[in-house]
2 protein chains.
Amino acid sequence: MEFSSKLIESAVNNFSKLPGIGQKTALRLVLHLLKQEEDLTQDLSKALVDMRLNIKYCKKCHNISDDEICNICGNPVRDQSIICLVEDTRDVLAIENTSQYNGLYHVLGGIISPIEGIGPDDLTIDSLLSRVSSKESEVKEIILGLSSTMEGDTTAFYITKKVKPFGIKTSTIARGIPIGGELEYADEITLGRSIITRTAYDIED
Amino acid sequence: MEFSSKLIESAVNNFSKLPGIGQKTALRLVLHLLKQEEDLTQDLSKALVDMRLNIKYCKKCHNISDDEICNICGNPVRDQSIICLVEDTRDVLAIENTSQYNGLYHVLGGIISPIEGIGPDDLTIDSLLSRVSSKESEVKEIILGLSSTMEGDTTAFYITKKVKPFGIKTSTIARGIPIGGELEYADEITLGRSIITRTAYDIED
């Protein structure tokens, strides 16, 4: 696309470096900013640069945080005996939004993937091990909240082997038919596994 | 959505003020920026603020421009006798990208719409009239490149009436079946009009 203005061109080109934003969408966003007050653009720019330059990663769980220790690790009300291991920050947000979990997290920063050249040393596994092996550790269980892919399974296997010597139980989040999902549309592997790992169904008398 | 970081929250909230970007998309964009070099975020922010603060509108045609006169109005090769009247900058870009037009433009900045409270005075119609009535004007024709809606037709009618005293011909862009479109899927009004306004079909001998 050709623009009559270098300023527009530069703004569009920078916007379209973001995932899922092509040149047409970028142009729509840029023209929207032009129609609005200057403050909107300045606030957006400031918030992005502030965020990028000042964000910290929690020293304990490696989740993004405004301080050295994130407000999940620093919350004494949360269950200190259980850690949910996840791939990235988005997973933490997703689990937090369910309001079903009151333990701690550990953000791996990725997943073991030989194809992409990501090995155990590229992740925060050492930090996890020193976290669970320290004297003041109360951790009894690690929930493996990883993707159900070959890479996820490899990572789960590797970590389970590493934490076993510390007497820590590992579990994985349940795989099965999603709530509201219909059996006939489920794939065979999920359906097969959901029968094998069925859970007891109780009715109170 | 709840975020563990105020910085992330602020960036997401600012991003999601843009059209078509919800909180989930905004979070995806923000986390993408976090994974990339700081330069990407700083370049984007700088380009947006630069654009917003320094953009000018061409004094002749009101198109967005880096200078007082845009590079279309300032280009002596372009046909000075014809002006294409459009609603906004995006229309200029769309027509420019066809490479089928070599005249000038005039950006109205909107369209007459009593419902939205936009009257002729809110648009650049006065500027168009002084442009075509000036002594050095070479304009002979105005192409009405407006939307085919009631508001577009109203605006076209109003402007045609206004420029007639200056002996200027107006035309509208052709309405009809899109290239590659199939007759059976065309709506009745478009198809009906495309028969009435049919064009001569010549084959060279």
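As annotated in an unreviewed UniProt entry, chain A carries the name Recombination protein RecR and comes from Marivirga lumbricoides. Turning to chain A, the UniProt record has this under Sequence similarities (unreviewed entry): "Belongs to the RecR family." Taken directly from UniProt, the Function (unreviewed entry) text for chain A runs: "May play a role in DNA repair. It seems to be involved in an RecBC-independent recombinational process of DNA repair. It may act with RecF and RecO."

J.: Would you mind going over the environment of alanine 174 of chain B with me for this structure?
T.: All names here are of chain B. Looking at where alanine 174 falls in the secondary structure, it is placed in the loop between β6 (169–172) and α7 (188–196). Look at alanine 174 and you get exposed, because its relative accessible area is 77%. Residues alanine 174 and glycine 145, 29 residues apart in the sequence, show an inter-C-alpha distance of 9.2 Å.

J.: Would you explain the side chain of arginine 52 of chain B in this entry?
T.: Assignment of secondary structure puts arginine 52 of chain B in helix α3 (residues 38–54). There is no salt bridge for the buried arginine 52 of chain B, and the closest opposite charge comes from glutamate 38 of chain A, which lies 4.3 Å off by N-O distance. In this structure arginine 52 of chain B touches Leu33, Leu34, Gln36, Glu37, Glu38 and Thr41 of chain A, once residues within four positions along its chain are discounted.

J.: Can you walk me through the relation of the copies chain B and chain A in this structure?
T.: Between the two copies of the chain lies a rotation about an axis combined with a shift along it. With an RMSD of 0.1 Å, the fit of chain B onto chain A corresponds to turning through 180° and sliding 0.1 Å along the axis. Here the copies are linked by what is in effect a two-fold axis. Every residue of chain B has its C-alpha some distance from the rotation axis, and the shortest such distance is that of serine 45 of chain B, at 2.2 Å.

J.: Just to check I follow, could you spell out the interface of chain B and chain A for this structure?
T.: Interface size is commonly expressed as the accessible surface area that is lost when the partners come together. Across the boundary between the two partners, chain B contributes 54 residues, which contact 54 residues of chain A. Between chain B and chain A, roughly 5200 Å² of surface is buried when both sides are summed, and carbon and sulfur atoms account for 69% of that area. Of all residues in chain B, the largest losses of buried area upon contact with chain A belong to Ser4, Leu7 and Arg52 of chain B, amounting jointly to 13% of the total for that side. Scanning the region where chain B abuts chain A turns up zero salt bridges. Taken together, the elements giving at least two residues each to the side of chain B that touches chain A come down to α1 (6–15), α2 (23–35), α3, β2 (64–65) and α4 (89–98) of chain B. Looking at side-chain class alone, the side of chain B that touches chain A contains 26 nonpolar, 15 polar and 13 charged residues.

What counts as what
The residue count restarts for each chain, going from 1 along the sequence in the order it is written. Each chain is given a letter, starting from A, and each ligand a number, starting from 1, according to the order in which they appear as written. Owing to the predicted nature of the model, reporting of local features is limited to residues with pLDDT of at least 70; listing and counting of side-chain atom pairs is limited to 80 or more, with chain, interface and lining totals taken over all residues. Calculation of side-chain values draws on the structure's entire complement of heavy atoms; hydrogens and water are dropped beforehand. UniProt positions are given in the numbering used here, feature names are shortened, and annotations may be inferred rather than shown by experiment. Secondary structure is summarised from DSSP: a helix means a run of H or I of at least four residues, a strand means a run of E of at least two, and numbering begins at the N terminus for each. With a 1.4 Å probe rolled over the protein chains alone, any residue whose accessible area is under 20% of its type maximum counts as buried; one over 50% counts as exposed, and the rest are partly exposed. Positive: Lys, Arg. Negative: Asp, Glu. His and the chain ends are not part of the count. When a carboxyl oxygen of Asp or Glu lies within 4 Å of a side-chain nitrogen of Lys or Arg, that pair is called a salt bridge. Any two residues whose heavy atoms approach within 4.5 Å are treated as being in contact. In superposing the copies, a least-squares fit is computed on C-alpha atoms, taking residues whose pLDDT is at least 70 in both. Summed over both partners, the accessible area (1.4 Å probe) lost when two parts come together is defined as the buried area. The nonpolar class holds Ala, Val, Leu, Ile, Met, Phe, Trp, Tyr, Cys and Pro. Asp, Glu, Lys and Arg form the charged class, and all remaining residues, Gly among them, are polar.

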